[in-house]
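# Topology and contacts: notes
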Amino acid sequence: MREAQIQLRVMCSNDDEYVSEEDVWVLYKDREEWADVTPLTQDDGPNAVVKIAYTDAFTDVYDYFRAVVASGEMSERALELTEDAINMNAANYTVWQYRRKILKHLGSDLKKELAFCREMIEMNPKNYQVWHHRRVIVDWLKDASKELRLTEMIFSQDAKNYHAWEYRQWVLRTFKLFDGELDYVDRLLEEDVRNNSAWNQRHFTITQTTGFTPDVIQREVHYVKKAIEKVVNNESPWSYLRGVVQHCDGRMGSVGDLENWCRQMYEGGQRSPYLLTFIIDLMEDKMEHEPDLRPSVLKHCLQICICLATEHDQIRQEYWRYIGRNLSHRFGA
Amino acid sequence: MAEEELWCNHVRQNKDKFRDEGVSTVSSIDQARVETSVEDKYSSYLDMKDMDGQEQPRLHRGRHIAYLKKGLTSLSDRFTSLDASRPWLVYWCVHALELLGVQLSKEEAAGVVEFLGKCQNPNGGFGGGPGQYSHLAPTYAAVNALVIIGTPQALQLINRSTLVEFLRSMRTEEGSFRMHEGGELDIRGVYCAVSVARLTNVATESLFANTVHWIMRCQSYEGGFSGAPGMEAHGGYTFCGLAALTLLHAHHLCHTPALLRWAANRQMKYEGGFQGRTNKLVDGCYSFWQGGLFPILHTLLAQEDVANLSTERWMFNQEALQEYLLLCCQHSRGGLIDKPGKASDFYHTCYTLSGMSVAQHFTSTARHRTLVTGPKDNELIPTHALYNVGVEAAVSATQYFNSLPVPIASSPASQTEAGDATDVQDTDKQTTTATKPSCTCDTTQVKT
């Protein structure tokens with residue numbers, strides 16, 4: 001439709017100069033096929049605040065969109081109008097919602113809709129509406145064959161795009177596509193071991209598939225240790241490690257020999273706040289289970305809290321002081 | 001303060017700078033780049049200070065006020081992308097002005113009320129602009145803006161009986177909330193619904209049945225909350241989760257030590273501001289989303305072990321955050337920003353100032369303490385940590401709405417009709433208890 005309009009305008013143009021698409025944008029109010037519709041202006045009131053200086057084209061498209069919604073028209077031309085409205089503001093959820101109503105009503109080709117939606121996602125990868133629209137359409141189609149690939153394309157530009165991750169999790173869960181997921185996460189962590197979204201995805205995938213069985217816990221602890229040995233001062237694997245050992249029945253320090261592993265790093269002079277924090281956790285666990293050891297362990301624990309507060313993690317001084325007081329209160333004489 | 005050394009002096013020692021341990025990745029490259037731009041800001045400030053003496057980090061009130069006043073009136077065509085978020089624009093400007101101690105003129109206030117009236121729909125709730133479908137986010141923004149204005153016209157504009165119908169129609173069986181008819185579902189929906197329902201006193205037990213359990217499915221292994229179950233812990237969503245749990249009096253369900261640890265770790269040791277997620281970059285807006293967690297956590301922890309809690313400070317470095325905001329996030333042409341090099345916008349102006357307000361005002365049951373970095377004139381008014389409107393505005397609005405009855409569900413189709421009759425009683429009970437915990441936050445935050 002729009003192409004036709006442009007063509008028409010170009011052909012009627014008197015001068016032979018090159019005419020760009022923008023120059024020949026025909027306002028809806030000048031389109032013959034829309035002559036039967038009375039545009040509906042926005043009712044901002046006489047003293048509107050946050051008044052946006054819309055372009056004429058924007059006002060025009062939205063005046064017609066409002067008119068269409070008011071009359072309840074669900075036609076092909078209305079569908080095209082929503083496309084123009086979305087192109088001008090992809091965050092207008094009312095337009096997206098009305099578009100879905102039309103698609104349903106007309107029984108439109110949803111494969112075509114997916115192509116349009118992909119374009120919109122590429123242009124607005126951090127917009128809530130585009131991803132939600134995709135989800136609805138894929139849910140209608142019951143075909144998620146291209147969806148993982150789409151998110152991977154987005155991750156190749158921004159591996160931490162929250163919307164894309166949320167969408168991917170929905171696809172994996174709804175269509176049970178977990179088969180290659182751990183390998184994919186591996187690849188992302190290989191590229192950037194600091195990608196916390198990938199670490200979270202690892203946790204999600206395991207939770208949704210095997211669960212944290214004793215074998216899985218062993219395997220994961222081994223995996224994390226290697227990642228930490230690569231880069232110690234990286235909070236993501238340390239957090240993940242805590243997430244993994246939470247699932248074990250026994251004592252924290254015994255899993256995968258974590259206590260010795262931490263001690264060796266510490267004795268080797270490593271003072272990363274994440275290591276120190278983890279050592280405090282291990283000691284806390286010890287004090288819970290072995291009351292006899294409390295006095296000596298607590299002393300060591302408090303020393304580490306002081307080191308963190310005054311030297312290795314000064315910005316969190318208040319936090320570490322509180323943790324120290326809390327531990328003395330719980331495990332002190 | 002004047003005599004004490006500024007926190008940002010640490011950049012001269014290089015001690016807290018990021019080290020990539022020989023493994024350079026996208027995350028480490030981005031982090032190093034941001035640290036360099038922050039270092040430039042801090043160093044040039046310190047160099048100037050060495051030369052000229054006493055100039056302390058100053059909040060450029062005048063510029064920000066002019067920027068906000070202009071925005072509240074009219075915006076260029078670059079803002080068409082926010083055409084479905086106009087009540088947000090109103091709230092960001094009105095709240096930022098409120099924090100700066102600026103009262104709107106009668107005409108301005110009337111203009112805001114009238115405009116928001118145009119955004120309110122007959123079937124309840126507010127849309128992103130006149131004629132747009134109702135949506136929970138602009139509903140939250142509109143209610144907050146009206147509460148801040150606080151005049152009878154403003155408060156009475158909110159149609160509470162249709163509002164609660166709208167909230168009910170957004171509710172899913174499992175207790176979560178969609179943002180709008182046919183729209184997406186995440187923890188923002190829950191927070192927006194709970195916040196407006198509590199503020200305007202329309203909450204009933206059936207409206208939020210199971211909601212707290214849905215929220216708890218969002219606390220991730222890291223300790224923070226995610227937008228939806230299974231996702232990564234994130235600052236904005238963590239605020240939504242914790243504030244909603246607290247407003248529903250269910251904070252005991254939250255794993256507080258893990259949340260506290262996660263929140264404390266989001267403050268950047270070099271920049272002083274907060275990041276939104278682990279291994280992401282500092283951003284001024286998280287000053288509130290993350291910083292705002294600390295007053296709530298403090299109140300919750302006080303119910304368990306008040307003896308170990310500080311009576312002077314929140315559990316983050318309040319000076320470091322203020323220095324980041326004052327020295328790295330003020331745009332020379334007014335408004336505040338995400339990080340050096342970015343352009344200002346109303347969202348960041350609102351949430352940086354909200355975070356600055358949290359950093360300046362410590363309140364516990366026992367005392368109020370201000371901790372203002374820079375000249376005294378930098379002080380902002382205290383904000384209510386659960387709603388993010390001024391404490392006084394929140395208190396007077398809750399007083400007003402709590403004096404009105406909770407609307408009874410009118411829809412005959414409502415399956416829970418029988419239940420709702422009992423709800424009213426429950427809610428009566430709840431209102432009495434509700435005044436307590438939310439008032440702890442209310443009264444503790446009132447400056448004495």
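Residues numbered from 1 in each chain as written. Chains lettered and ligands numbered in written order. Predicted model: local features only at pLDDT ≥ 70, side-chain atom pairs only at ≥ 80, totals over all residues. Heavy atoms only, no water.

Naming follows an unreviewed UniProt entry, where chain B appears as Protein farnesyltransferase subunit beta of Petrolisthes manimaculis. Quoted straight from UniProt, the Sequence similarities (unreviewed entry) entry for chain B says "Belongs to the protein prenyltransferase subunit beta family." Among the UniProt annotations of chain B, the heading Catalytic activity (unreviewed entry) holds the following wording: "L-cysteinyl-[protein] + (2E,6E)-farnesyl diphosphate = S-(2E,6E)-farnesyl-L-cysteinyl-[protein] + diphosphate". (UniProt positions renumbered as here; feature names shortened; annotations may be inferred.)

Identification of chain A as Protein farnesyltransferase/geranylgeranyltransferase type-1 subunit alpha from Petrolisthes manimaculis is taken from an unreviewed UniProt entry. You can read under Cofactor (unreviewed entry) in the UniProt record for chain A the words "Mg(2+)".

Looking now at the overall build of chain A. Along the backbone of chain A there are 16 helices and one strand. Radius of gyration (C-alpha) of chain A: 29 Å, far over the 20 Å computed for a compact globule of 333 residues. Taken along the three principal axes of its C-alpha coordinates, chain A extends 90 × 50 × 40 Å. The buried share among the 333 residues of chain A stands at 53%. Counted over contacts in chain A with a minimum sequence separation of 6, partners at least 24 positions apart contribute 62%. Approximately 15800 Å² of chain A is accessible, and the part contributed by carbon and sulfur atoms is 49%. Counting 42 positive and 55 negative side-chain charges, chain A places the averaged centre of each group 7 Å from the other. (Helix = DSSP H or I, 4+ residues; strand = E, 2+ residues; numbered from the N terminus. Rg over C-alpha atoms; globule rule 2.2 N^0.38 Å. Buried < 20%, exposed > 50% of the residue type's maximum accessible area, 1.4 Å probe, protein only. Contact = heavy atoms within 4.5 Å. Areas by Shrake-Rupley, 256 points an atom, 1.4 Å probe, with all protein chains shown as cover. Lys, Arg positive; Asp, Glu negative; His and termini not counted. Charge placed at Lys NZ, Arg CZ, Asp CG, Glu CD.)

Turning our attention to the pattern of salt bridges. Counting across every chain of the model gives 45 salt bridges over all chains. Between arginine 242 of chain A and aspartate 281 of chain A there is a salt bridge whose closest N-O contact spans 2.6 Å. Of this pair, arginine 242 of chain A sits in helix H12 (residues 235–245) while aspartate 281 of chain A sits in helix H14 (residues 273–289), and the two are 39 residues apart along the sequence. Across the salt bridge formed by aspartate 338 of chain B and lysine 339 of chain B, the nearest N and O atoms sit 2.9 Å from each other. The residues aspartate 338 of chain B and lysine 339 of chain B share a single accessibility class, namely buried. Put simply, Asp186, Arg202, Arg219 and Glu220 of chain A are held in one network by salt bridges that share partners. (Salt bridge = Lys/Arg side-chain N within 4 Å of Asp/Glu carboxyl O.)

Contact with chain A, which involves 73 residues of that partner, is made by 84 residues of chain B. Where chain A abuts chain B, roughly 6700 Å² becomes buried across the two surfaces, and 50% of that area is made up of carbon and sulfur atoms. Counting across the interface, chain A meets chain B through six salt bridges. Two residues, arginine 261 of chain B and aspartate 281 of chain A, come together in a salt bridge whose shortest N-O distance is 3.1 Å. (Buried area = accessible area lost by both parts, 1.4 Å probe.)

Bringing the UniProt feature "domain: Prenyltransferase alpha-alpha toroid" (unreviewed entry) in chain B into the picture now. The positions UniProt marks with the feature "domain: Prenyltransferase alpha-alpha toroid" (unreviewed entry) are residues 59–389 of chain B. Along residues 59–389 of chain B the backbone is 47% helical and 2% strand, and the end-to-end C-alpha distance reaches 20 Å.

Once that is clear, we can look at the layout of surface pockets. Where empty space is left can be seen by rolling a probe of water-molecule size over the atoms. Estimates place the volume of the second largest pocket at around 950 Å³. Forming the boundary of the second largest pocket are 37 residues, of which Asp281 and Glu284 of chain A together with His255, Pro257 and Arg261 of chain B lie nearest the centre. Looking at the lining of the second largest pocket, the element that brings in the most residues is H14 of chain A, giving eight residues. Its residues assigned to classes, the lining of the second largest pocket comprises 17 nonpolar, eight polar and twelve charged. Residue contributions to the lining of the second largest pocket reach at least three from each of two domains, namely domain 2 (178–249) and domain 3 (252–333) of chain A. (1 Å grid on protein atoms, 1.4 Å probe; cavity = no way out; pocket = protein on both sides within 12 Å on 5 of 7 lines; lining within 4 Å. Points joined across faces, edges and corners; volume = space filled by probe spheres on them. Nonpolar A, V, L, I, M, F, W, Y, C, P; charged D, E, K, R; others polar. Domains from an automatic or database assignment.)

For the rest of this paragraph, the subject is the packing of aromatic side chains. All names here are of chain B. One pass over the structure, following the stated rule, counts 42 aromatic pairs over all chains. Measuring from ring centre to ring centre gives 5.7 Å for phenylalanine 79 and phenylalanine 346, while their planes differ by 45 degrees; the resulting arrangement is tilted. Linking phenylalanine 79 in the loop between strand S1 (74–75) and helix H3 (86–99) with phenylalanine 346 in helix H15 (residues 346–360), this pair joins segments that are 267 residues apart in sequence. Residue phenylalanine 79 is classed as buried on the basis of its relative accessible area of 13%. Judged by centre distance (6.0 Å) and plane angle (40 degrees), the rings of phenylalanine 288 and tyrosine 351 are tilted. Pair noted here: phenylalanine 288 is in helix H12 (residues 286–289) and tyrosine 351 is in helix H15, with a separation of 63 residues, a long-range link. The exposure classification of phenylalanine 288 matches that of tyrosine 351, with both residues buried. An aromatic cluster is built from Trp88, Tyr91, Trp92, Tyr140, Tyr191, Phe239, Phe288, Trp289, Tyr347 and Tyr351, whose rings are joined through pairwise contacts. (Phe/Tyr/Trp six-rings, centres within 6.5 Å; stacked < 30°, edge-to-face > 60°.)

Residue and element names in this part refer to chain B. For threonine 200, the location among the structural elements is in the loop between helix H8 (187–199) and helix H9 (211–216). A polar contact is formed between the side chain of threonine 200 and the backbone oxygen of valine 196, at a distance of 2.7 Å. What threonine 200 contacts, discounting residues up to four positions off in sequence, is Val143, Ile158, Arg160, Leu163 and Phe401. (Polar contact = N/O pair within 3.5 Å; in protein donor to acceptor, adjacent residues only side chain to side chain.)

Glancing now at the nonpolar core. Across soluble globular proteins, nonpolar side chains have a tendency to be buried as a group. In this structure, Trp238 and Leu241 of chain A together with Tyr91 and Leu167 of chain B are the most contacted members of the largest nonpolar core, which totals 244 residues. Among the elements that make up this core, the one with the highest residue count is helix H5 (residues 136–149) of chain B (eleven residues). (Core = buried A, V, L, I, M, F, W, Y, C linked by side-chain atoms within 4.5 Å.)

Mapping arginine 194 of chain A onto the fold places it in the loop between helix H9 (181–191) and helix H10 (196–208). Despite its burial, arginine 194 of chain A pairs with no opposite charge; the closest candidate is aspartate 192 of chain A, at 4.8 Å N-O. In terms of polar contacts, arginine 194 of chain A uses its side chain to reach the side chain of threonine 25 of chain B, at 2.9 Å. If we ignore the near neighbours within four places in the chain, the residues touching arginine 194 of chain A are Lys160, Val231, Asn234 and Ser236 of chain A together with Phe18, Asp20, Val23, Ser24, Thr25, Ser27, Ser28 and Asn279 of chain B.

Residue and element names in this part refer to chain A. Phi at aspartate 257 is positive, roughly 60 degrees, even though this residue is not glycine. Inspection of the secondary structure assignment puts aspartate 257 in the loop between H12 and helix H13 (258–267). Here aspartate 257 falls in the partly exposed class, since its relative accessible area comes to 41%.

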